Amino acid sequence: MEFHGTTILALKKNGKTVVAGDGQVTFNNTILKHHAKKVRRIFNDKIVVGFAGATADAITLFDKFEAKLERYNGNLTRSAVELARDWRTDKYLRRLEAILIAVDESQMFLISGNGDVIEPDEEVIGIGSGSTAAISAAKALVNHTSLDAKTIAQEAMKIASSLCIYTNDAIVIEEI
């Protein structure tokens, strides 16, 4: 699944976890919105999620994911696995076109409708059309600078926005 129109980046450094997302909404070759919020806090502000894909589909998934978090007392791993299972097997959910990153203070997951729940080997992960640029920049900055997590996310997203036409520099960052 490859989505154009956004970049979401999550990373951890020195005990801080951040999720960053750009604000551009693109339809075909037209920019419709510059300041969309694709990163948000859920479950009593203890979990941060970011999405790439169709907005209505992502909001549906946020609601389903938050219900799973409520059911499993905030257990991110169990909730992510149950959401991915439902997403893959449910006839209605299977048609949703989005992909999620979900983090808490200790874990980080990519969750897809293919049933994927992926925890990265390194503490950097991204989704969306500009994710390769953002991940590359973030890994370099994590490994070769003393910058904090939020600054690294900001700089990596700026680099992605300078390379990806579907990503802008109206960046929202949530930190745990």
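Bear in mind that the values here come from a model prediction, so they are computed numbers and not experimental data.

Turning our attention to the overall build of the protein. Counting its regular elements, the protein contains 4 helices and 11 strands. The globule rule puts the C-alpha radius of gyration for 176 residues at 16 Å, and the 15 Å found for the protein is close to it. Principal-axis analysis of the C-alpha atoms places the extent of the protein at approximately 40 × 40 × 25 Å. The burial tally for the protein puts 50% of its 176 residues in the buried class. Partitioning the contacts of the protein with sequence separation of at least 6, the portion at a separation of at least 24 is 62%. Surface accessibility of the protein: about 8,800 Å² in total, with carbon and sulfur atoms responsible for 46%. Put simply, the protein has 21 plus and 23 minus side-chain charges, and the middle of one group is 4 Å from the middle of the other.

A few words now on the sheet that holds strand 9 (residues 117-118). By definition, the strands of a sheet pair up through backbone hydrogen bonds, in either a parallel or an antiparallel sense. An order of 5-6-7-8-9 is seen for the 5 strands of this open sheet, with the pairing classed as antiparallel. Lying at the two open borders of the sheet, with one neighbouring strand each, are strand 5 (39-42) and strand 9. In terms of strand pairing, strand 6 (residues 47-53) meets strand 7 (residues 98-103) through 6 bridges, oriented antiparallel. Counted as the bridge partner of Val-49 is Ala-102 from strand 7.

Moving on, we get to the nonpolar core. Counting residues in hydrophobic clusters, the biggest one holds 22 residues, and the most contacted among them are Ile-47, Val-49, Leu-61, Phe-65, Leu-100 and Ile-111. Secondary structure elements with two or more residues in this core: strand 6, helix 1 (55-71), helix 2 (76-89), strand 7 and strand 8 (108-111). Excluding its chain neighbours within four sequence positions, the residues that come into contact with Phe-65 are Ile-42, Ile-47, Val-49, Leu-76, Ser-79, Ala-80, Leu-83, Ala-102 and Ile-111. Ranked by size, the runner-up nonpolar core spans 18 residues in total, among them Val-18, Ala-20, Ala-138 and Leu-141.

Turning our eyes to something else, we now look at the packing of helix 1 against helix 2. One can describe the packing of helix 1 onto helix 2 by two numbers: an axis separation of 9 Å at closest approach and a directional angle of 135°. Accordingly, the angle class assigned to the pair helix 1 and helix 2 is oblique. When you trace helix 1 past helix 2, the crossing you get is right-handed. Of the residues in helix 2, those touching helix 1 at Leu-61, Lys-64, Phe-65, Lys-68 and Leu-69 are Leu-76, Ser-79, Ala-80, Glu-82, Leu-83, Asp-86 and Trp-87. Considering only residue class, the contact of helix 1 with helix 2 consists of 7 nonpolar, 1 polar and 4 charged.

This next bit is on the sheet that holds strand 2 (residues 16-21). Sheet architecture is open: 4 strands sit in the order 10-1-2-11, paired in antiparallel fashion. In this open sheet, the two edge strands, each paired with only one partner strand, are strand 10 (124-128) and strand 11 (172-175). Between one strand and the next, the sheet's axes are offset by a mean angle of 15°, whatever the strand orientation. Pairing analysis gives 4 bridges linking strand 2 to strand 11, with the strands arranged antiparallel. Across the sheet, the residue bridging to Val-18 is Glu-175, located in strand 11. Docked against the sheet, helix 4 (residues 149-163) engages strand 1 (7-13), strand 2 and strand 11, running at close to 150° with respect to strand 1.

Reading guide: rules and limits
- Residues numbered from 1 in each chain as written.
- Predicted model: local features only at pLDDT ≥ 70, side-chain atom pairs only at ≥ 80, totals over all residues.
- Heavy atoms only, no water.
- Helix = DSSP H or I, 4+ residues; strand = E, 2+ residues; numbered from the N terminus.
- Rg over C-alpha atoms; globule rule 2.2 N^0.38 Å.
- Buried < 20%, exposed > 50% of the residue type's maximum accessible area, 1.4 Å probe, protein only.
- Contact = heavy atoms within 4.5 Å.
- Areas by Shrake-Rupley, 256 points an atom, 1.4 Å probe, with all protein chains shown as cover.
- Lys, Arg positive; Asp, Glu negative; His and termini not counted.
- Charge placed at Lys NZ, Arg CZ, Asp CG, Glu CD.
- Pairing = 2+ DSSP bridges.
- Core = buried A, V, L, I, M, F, W, Y, C linked by side-chain atoms within 4.5 Å.
- Axes fitted to C-alpha atoms, helices over the stretch in contact; angles between N-to-C directions.
- Parallel < 35°, antiparallel > 145°, perpendicular 65-115°, else oblique.
- Left-handed = near helix turned anticlockwise from the far one by under 90°.
- Nonpolar A, V, L, I, M, F, W, Y, C, P; charged D, E, K, R; others polar.

From the geometry alone we can't say anything about function, so treat these as descriptive.
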